[in-house]
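For reference, the chains in residue letters:
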Amino acid sequence: MLRHHLRLVRLALLLADGAVAVALFVLISRLRLGEAWTDAWQAAGAPWTAWALVYGALWVGAIWLHQLDQLRSRWTLRGEVLDILRAVLTVAVVVFSLLFLVHAPEVSRLFLFVLFAAQLVV
């Protein structure tokens, strides 16, 4: 019974992390791209919802890959920061690779650097 509840809690936390990543994507988009931020994403090849959901899914995947959703008995701030940094770098490499593969030069690299830095802090 406890194991089932633990799985549900981990799933809820992963979904919450994904939702925060999507919300951060929207916030940084609005701040960086201004009033016409939705049009800017459409010009980059897809609606903003698609871009945001892919980013959120990548973030959840990185959390799972680096096992940041696991409970730890020995936790240190330094270790946690390094693990989160690895997850952010994983997402950054995947995002830059995907942008290269789909030929989307319209996406601002400065936007992505700000997004990744903010994700690290959040």
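Here we summarise the structure given alongside this text. These figures come from a predicted structure and were not determined experimentally. (Residues numbered from 1 in each chain as written. Predicted model: local features only at pLDDT ≥ 70, side-chain atom pairs only at ≥ 80, totals over all residues. Heavy atoms only, no water.)

**Looking at the layout of surface pockets**
- Of the voids in this model, the largest pocket is the one considered here, and its volume is about 370 Å³.
- Looking at the largest pocket, it is lined by 18 residues, and the ones nearest its centre are Asp17, Ile63, Leu68, Asp69 and Glu80.
- Among the secondary structure elements, those contributing two or more residues to the lining of the largest pocket are helix H1 (2–33), helix H3 (48–65), helix H4 (77–101) and helix H5 (109–121).
- Among the elements that make up the lining of the largest pocket, the one with the highest residue count is H1 (seven residues).
- A breakdown of the residues in the lining of the largest pocket according to their chemical character gives twelve nonpolar, two polar and four charged.
- Lining the second largest pocket are 15 residues, with Trp51, Val54, Val95, Leu98 and Leu99 positioned closest to its centre.
- The set of elements that each furnish at least two residues to the lining of the second largest pocket consists of H3, H4 and H5.
- When residues of the lining of the second largest pocket are assigned to their parent elements, the largest contribution, five residues, is made by H3.
- Among the residues forming the lining of the second largest pocket, the class breakdown is 15 nonpolar, no polar and no charged. (1 Å grid on protein atoms, 1.4 Å probe; cavity = no way out; pocket = protein on both sides within 12 Å on 5 of 7 lines; lining within 4 Å. Points joined across faces, edges and corners; volume = space filled by probe spheres on them. Helix = DSSP H or I, 4+ residues; strand = E, 2+ residues; numbered from the N terminus. Nonpolar A, V, L, I, M, F, W, Y, C, P; charged D, E, K, R; others polar.)

**Overview of the packing of aromatic side chains**
- Evaluated as defined, the whole model comprises nine aromatic pairs.
- Ring centres 5.0 Å apart and planes at 35 degrees place the aromatic pair phenylalanine 25 and tryptophan 41 in the tilted group. On the criterion of sequence distance, the pair formed by phenylalanine 25 in helix H1 and tryptophan 41 in helix H2 (residues 37–43) is long-range, its members being 16 residues apart. For the pair formed by phenylalanine 25 and tryptophan 41, the shared burial category is buried.
- A network of ring pairs unites the aromatic residues Phe25, Trp41, Trp51, Tyr55, Phe96, Phe111, Phe113 and Phe116 as a single cluster. (Phe/Tyr/Trp six-rings, centres within 6.5 Å; stacked < 30°, edge-to-face > 60°. Buried < 20%, exposed > 50% of the residue type's maximum accessible area, 1.4 Å probe, protein only.)

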